[in-house]
Amino acid sequence: MINRIIRRRKQTASSAELLDMNNIPHHVAIIMDGNGRWAKRRGMPRAYGHHAGANTLKRIVIAATELGIKVLTVYAFSTENWKRPVDEVTYIMKLMDEYLGKNLLELNENNVRLHFIGDMSRLHATLQQKFIAAEAEMANNTGLVLNVAVNYGGRLEMVQAMQHVAEDVRKGTLLPADIDEAVLSRYLYTAPDNDVDLLIRPGADKRVSNFLLWQMAYAEFWFTDLCWPDFTKDTLIDAILSFQGRERRFGGLK
Ligand code: FPP
């Protein structure tokens with residue numbers, strides 16, 4: 001047992017040592033998938049998996065700050081997740097509330113700037129208030145920007161951006177001829193740090209699931225069969241090592 005722990009520590013040290021600290025992805029996005037399957041495999045209800053997933057999120061936020069990632073965007077609840085049984089939806093909402101209650105202090109101590117992205121209008125008013133209060137409390141922090149996507153959909157984000165653009169055109173503060181990619185991107189939830197460098201999806205599925213559609217135009221994708229509750233700092237390091245081995249051409253030639 002002790003040998004196994006020592007072996008793991010050595011592995012961690014060596015893969016971390018391989019990282020090029022000058023080429024850490026600026027913006028990492030994670031689809032925290034596989035919580036339900038992880039729980040089912042253990043004969044437990046899906047809620048058990050979400051609870052474990054929230055603990056993983058706590059560890060990965062700390063790992064991201066240690067690794068020098070500047071922006072971390074995590075998919076906690078999509079605009080499509082309302083189709084799930086009401087008990088599961090209620091549990092995930094409660095979990096987010098608890099997560100804030102338990103981790104706000106530590107996030108603050110780690111200089112994290114919390115930001116909720118998505119359409120909050122469908123959430124319970126009390127939860128909306130807690131999100132706003134948490135954001136305000138951390139607004140002056142200068143470390144990792146942690147975007148938590150709740151009732152988020154990439155298509156909805158674009159629709160809402162268009163609505164705001166149309167409003168500004170109607171008010172006369174924006175001319176249609178001035179609308180370009182840079183202008184439109186200012187209306188996104190993730191502005192000004194929009195572009196995702198690395199998308200990580202655990203849980204074996206290989207799809208984007210309506211996450212950050214605009215922002216992922218030139219993201220590098222990394223998938224793992226591990227479920228989110230089993231995701232560790234070592235897994236994050238593996239994903240970054242893979243990112244560092246890619247040649248990013250952004251449509252050009254090397
Ligand atoms: C996807 O796994 C996970 C979710 C829809 C919920 C993610 C929520 C958390 C990680 C915890 C709460 C978040 C915060 C911010 C504290 P799945 O249920 O689709 O898993 P499956 O594909 O195995 O069914």
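Further up the page is the structure itself.
Rules behind the numbers
Residues numbered from 1 in each chain as written. Predicted model: local features only at pLDDT ≥ 70, side-chain atom pairs only at ≥ 80, totals over all residues. Heavy atoms only, no water. Buried < 20%, exposed > 50% of the residue type's maximum accessible area, 1.4 Å probe, protein only. Helix = DSSP H or I, 4+ residues; strand = E, 2+ residues; numbered from the N terminus. Pairing = 2+ DSSP bridges. Right-handed = clockwise from strand over helix to strand, strands pointing away. Axes fitted to C-alpha atoms, helices over the stretch in contact; angles between N-to-C directions. Near = heavy atom within 4 Å. Polar contact = N/O pair within 3.5 Å; in protein donor to acceptor, adjacent residues only side chain to side chain. Areas by Shrake-Rupley, 256 points an atom, 1.4 Å probe, with all protein chains shown as cover. Nonpolar A, V, L, I, M, F, W, Y, C, P; charged D, E, K, R; others polar. Salt bridge = Lys/Arg side-chain N within 4 Å of Asp/Glu carboxyl O. Phe/Tyr/Trp six-rings, centres within 6.5 Å; stacked < 30°, edge-to-face > 60°.

Visitor: Got a sec to walk through the pairing of strand β4 (residues 145-152)? Specific residues and values, please.
Guide: Where burial is concerned, most of β4 is hidden: eight out of the eight residues are buried. Where strand β2 (residues 71-78) lies against β4, seven bridges are found, and the strand directions are parallel. Looking at β4, one finds that Thr73 is bridged to Asn147. Remark: the strand β3 (residues 113-117)/helix α5 (residues 125-137)/β4 crossover connection has left-handed handedness.

Visitor: Now, about the sheet that holds strand β1 (residues 27-31): what can you tell me, with residues and values included?
Guide: Here six strands make up an open sheet; going across it, the order is β3-β4-β2-β1-β5-β6 and the pairing parallel. Among the strands making up the open sheet, the edge pair consists of β3 and β6 (220-223). Direction aside, the axes of adjacent strands within the sheet are offset by 20 degrees on average. When β3 meets β4, the two strands line up parallel, connected through five bridges. Bridging across to β4, His115 finds its partner in Asn147.

Visitor: So what's going on with the site of the ligand? Which residues, and what values?
Guide: The environment of the ligand is made up of 18 residues, and the closest members are Asp33, Gly36, Arg37, Arg46 and Arg84. Gly34 is positioned with one of its backbone polar atoms (N or O) 3.4 Å from an oxygen atom of the ligand. Between the ligand and the protein, one listed contact pairs an oxygen atom with a side-chain N or O atom of Arg46 at 2.7 Å. Taking 630 Å² as the accessible area of the ligand by itself, protein coverage stands at 92%. Of all the secondary-structure elements, those providing two or more residues to the shell around the ligand are α2 (35-41), α3 (46-67) and α4 (86-109). Its residues assigned to classes, the shell around the ligand comprises eight nonpolar, six polar and four charged.

Visitor: Got a sec to walk through the pattern of salt bridges? Specific residues and values, please.
Guide: Under the definition given, this model contains 14 salt bridges. A salt bridge links Arg46 to Glu88; the shortest N-O distance between them is 2.8 Å. Taken together, the residues span a long stretch of sequence, with Arg46 in helix α3 and Glu88 in helix α4 at a distance of 42 residues. Arg46 gets classed as partly exposed once you look at its relative accessible area, which sits at 29%. Beyond isolated ion pairs, a larger network of salt bridges with shared partners links Asp33, Arg37, Arg201, Asp205 and Arg207.

Visitor: Give a description of the packing of aromatic side chains that names residues and reports values.
Guide: Scanning the model with the defined rule gives 10 aromatic pairs in all. Here Phe77 and Trp82 contribute two aromatic rings whose centre-to-centre distance is 4.9 Å and whose plane-to-plane angle is 75 degrees, an arrangement assigned as edge-to-face. Under the relative-accessibility criterion, Phe77 is labelled buried at 0%.

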